[in-house]
Amino acid sequence: MFSEEMQELRKEIDRIDKEIVHLIDERMKISIKVGETKKKYNTSIFDPKREKEVIAKKIELLENKELSNLITTIYNDIMYTSKQLQKYLIDENNNQNDDAQNIKYNEKIVYQGREGGNGHEAALKFFGKNAELIKKEHFDDVLESIRRGESYYGILPLENSSTGMVNEVLDIIADYNCKIVGEVYLPIEYGLMAKKGTDIKNIKKVISHHQALKQCSHFIKENNFEEITASNTAEAAFIVANSDDKSIASISNKNACKVYDLDILRENIENINGNTTRFIIAANYDNSLKFGSKMTIRFLLPHENGSLADSLNKLKCFNLVSIVSRPHVERKWQYYFYIDMTGDFEKYKKEFEEFERSVENLIILGIYNE
């Protein structure tokens with residue numbers, strides 16, 4: 001009796017699944033037409049506002065709202081696949097653009113922070129002193145500026161030698177469909193800065209970006225300073241320069257001292273000598289590079305024993321420079337993995353394709369030169 005009842009239920013599930021598969025097939029055919037239209041009118045593949053609206057409308061249709069997370073996960077995967085199909089279409093229909101294989105140094109560049117901050121300094125180091133720069137308050141503002149076409153390139157901090165990955169950047173770069181096209185390493189030397197004539201004995205509070213506070217934690221602890229967080233190190237210097245509070249100082253890089261007319265009360269206060277931040281240069285999908293010696297990827301794995309080890313073994317012909325994980329927001333206890341690797345990607349193309357088949361939702365975040 002039990003087996004007969006189960007058989008009937010399974011038949012019903014099979015019938016529903018058949019309809020779902022048919023509808024997904026139909027949806028993807030329409031998605032390809034959407035991609036053709038976007039290509040025709042030269043618009044971006046990724047539209048975050050539209051995607052949020054789509055998911056919200058689907059959740060409204062649910063009778064059982066407890067399934068909201070499930071619907072979010074399913075539609076994130078569906079829309080991801082749609083974008084991948086559209087990207088493939090563009091790549092197939094576009095001839096190789098040699099001009100896209102070179103960094104253009106005369107384009108507008110956007111950075112996060114203020115003049116005199118680390119992002120500003122990294123942009124000047126990579127693009128030169130005559131670069132046309134646009135500043136933004138937040139990291140996602142930088143990526144949005146690239147997506148809208150206001151700027152050609154954006155520069156963002158991705159990793160620090162003493163405090164590790166900048167997770168805020170890692171978590172959003174794939175969402176904006178941006179690609180890494182270059183990188184620059186900026187030595188970080190922090191100073192304690194205050195208004196001219198201030199005595200260090202009067203300082204009770206320090207203000208800076210949370211990463212800088214972390215990187216100077218030994219100095220802060222030794223002096224028993226109260227910590228205040230700012231959006232970036234240059235903003236901290238700006239706040240101190242415009243404050244009447246003589247008990248506050250900023251932790252900023254040395255260039256901020258000149259820009260905001262402050263005194264350096266102590267130099268080189270970072271925990272580790274040689275502290276360095278790796279900045280990435282980002283562009284939109286259309287301006288990404290096709291060749292390079294370094295690749296950054298993001299992927300998911302089947303939630304089963306040995307999946308990570310088996311997949312990484314397929315990359316043994318490359319040098320895996322770094323691997324980090326970040327939680328998948330919609331799937332509890334599953335993680336995105338990010339890998340930086342170097343090697344000959346043309347020579348070992350088949351090996352990389354074998355790796356690609358062993359993972360889920362692979363995104364190449366960029367191919368570029370070290």
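Anyway, here's the lowdown on the structure attached to this text. (Residues numbered from 1 in each chain as written. Predicted model: local features only at pLDDT ≥ 70, side-chain atom pairs only at ≥ 80, totals over all residues. Heavy atoms only, no water.)

## Comments concerning a nonpolar patch on the surface
Here comes step 1: Taken together, Ile16, Ile20 and Ile24 make up a surface patch of nonpolar side chains, about 230 Å² in accessible area.
Here comes step 2: Inspection of the secondary structure puts isoleucine 16 in helix α1 (residues 2–40). (Patch = residues over 30% accessible without salt bridge, like charges linked within 9 Å, V, L, I, M, F, W, Y side chains within 5 Å. Areas by Shrake-Rupley, 256 points an atom, 1.4 Å probe, with all protein chains shown as cover. Salt bridge = Lys/Arg side-chain N within 4 Å of Asp/Glu carboxyl O. Helix = DSSP H or I, 4+ residues; strand = E, 2+ residues; numbered from the N terminus.)

## A look at the sheet that holds strand β6 (residues 190–194)
Here comes step 1: One open sheet accounts for 5 strands, arranged β8-β7-β9-β6-β10; its pairing is mixed. Pairing within the sheet leaves two strands with one partner each, and these edge strands are β8 (226–229) and β10 (263–266). For this sheet, the mean inter-axis angle between neighbouring strands, taken without regard to orientation, is 40 degrees.
Here comes step 2: In this sheet, β10 lies alongside β6 in antiparallel orientation, the contact comprising 3 bridges. The residue of β10 that forms the bridge with leucine 192 is arginine 266.
Here comes step 3: The strands that helix α9 (residues 233–241) touches are β6, β7 (205–208) and β9 (248–253); relative to β9, the one it contacts most, it runs at about 145 degrees. (Pairing = 2+ DSSP bridges. Axes fitted to C-alpha atoms, helices over the stretch in contact; angles between N-to-C directions. Contact = heavy atoms within 4.5 Å.)

## Quick notes on the environment of valine 34
Here comes step 1: Within the secondary structure, valine 34 sits in helix α1.
Here comes step 2: Valine 34 gets classed as partly exposed once you look at its relative accessible area, which sits at 33%.
Here comes step 3: C-alpha separation for the pair valine 34 and lysine 83, spaced 49 residues apart in sequence, amounts to 9.8 Å. (Buried < 20%, exposed > 50% of the residue type's maximum accessible area, 1.4 Å probe, protein only.)

## Comments concerning the packing of aromatic side chains
Here comes step 1: Enumeration according to the criterion identifies 12 aromatic pairs in this entry.
Here comes step 2: Here the aromatic rings of phenylalanine 352 and phenylalanine 355 are separated by 5.8 Å at their centres, their planes lie at 40 degrees, and the arrangement is tilted. In this pair, phenylalanine 352 and phenylalanine 355 are both assigned in helix α12 (residues 349–357), 3 residues apart and thus about one turn of the helix distant. Here phenylalanine 352 matches phenylalanine 355 in class, with each residue buried.
Here comes step 3: Positioned above the aromatic ring of phenylalanine 238 is the side chain of arginine 114, whose terminal nitrogen or guanidinium carbon lies 3.6 Å from the ring centre.
Here comes step 4: Here the guanidinium or amino end of arginine 298 rests over the ring plane of tyrosine 336, the centre of that ring lying 3.7 Å away. (Phe/Tyr/Trp six-rings, centres within 6.5 Å; stacked < 30°, edge-to-face > 60°. Lys NZ or Arg CZ within 6 Å of the ring centre and 35° of its normal.)

## What to know about the sheet that holds strand β15 (residues 360–368)
Here comes step 1: Strand order in the open sheet made by the 4 strands is β13-β14-β12-β15, with antiparallel pairing throughout. On the outer flanks of this sheet lie β13 (319–327) and β15, each paired with one strand and no other. Taking the axes of each pair of neighbouring strands and ignoring which way they run, one obtains an average angle of 15 degrees across the sheet.
Here comes step 2: Note that strand β12 (residues 294–300) and strand β14 (residues 335–342) share 6 bridges and pair antiparallel. Within β14, the position partnered with threonine 296 by the bridge is aspartate 340.

## Observations regarding the nonpolar core
Generally speaking, a soluble globular protein has its nonpolar side chains buried in company with each other.
Here comes step 1: Among the nonpolar cores identified, the biggest contains 35 residues, and Phe127, Tyr153, Ile155, Leu192, Ile251 and Ile281 are the most heavily contacted of them.
Here comes step 2: With 4 residues, the single largest contributor to this core is helix α4 (residues 118–127).
Here comes step 3: Isoleucine 281 has contacts with Phe126, Phe127, Tyr153, Gly154, Ile155, Lys179, Ile180, Val181, Gly182, Glu183 and Val184, leaving out every residue within four places of it along the chain.
Here comes step 4: Among the nonpolar cores identified, the runner-up in size contains 27 residues, and Tyr80, Tyr336, Tyr338 and Leu365 belong to it. (Core = buried A, V, L, I, M, F, W, Y, C linked by side-chain atoms within 4.5 Å.)

## Some details on the pattern of salt bridges
Two side chains with opposite charge may pair up if their charged atoms get near one another.
Here comes step 1: For the coordinates displayed, the defined rule picks out 18 salt bridges.
Here comes step 2: When the shortest N-O distance is used, the salt bridge between arginine 326 and aspartate 171 registers 2.7 Å. Pair noted here: arginine 326 is in strand β13 and aspartate 171 is in helix α6 (residues 167–172), with a separation of 155 residues, a long-range link.
Here comes step 3: When its relative accessible area of 30% is taken as the criterion, aspartate 171 is described as partly exposed.
Here comes step 4: Its salt-bridge partner being glutamate 183, residue arginine 278 comes within 2.9 Å of it at the nearest N-O pair.

## A word on unusual backbone geometry
Here comes step 1: Residue asparagine 268 is not a glycine yet carries a positive backbone phi of 50 degrees.
Here comes step 2: Here asparagine 268 is to be found in the loop between β10 and β11 (276–284).
Here comes step 3: Of note, asparagine 361 is a non-glycine position whose phi angle comes to about 50 degrees, a positive value.
Here comes step 4: One can find asparagine 361 in strand β15.

## Here's the deal with the pairing of strand β5 (residues 178–187)
Here comes step 1: By the criterion of burial, β5 is predominantly enclosed, with 8 of the 10 residues buried.
Here comes step 2: Relative to β11, β5 runs antiparallel, the two sharing 9 bridges. Paired with proline 187 across the strands is threonine 276, a residue of β11.

## A short note on α4
Here comes step 1: Of all 10 residues that make up α4, 9 are buried, and the element is covered over most of its length.
Here comes step 2: If you check which residues of α4 are buried, you get Asn118, Gly119, His120, Glu121, Ala122, Ala123, Leu124, Phe126 and Phe127.
Here comes step 3: Backbone geometry just downstream of α4 places glycine 128 in the positive-phi region, at approximately 100 degrees.

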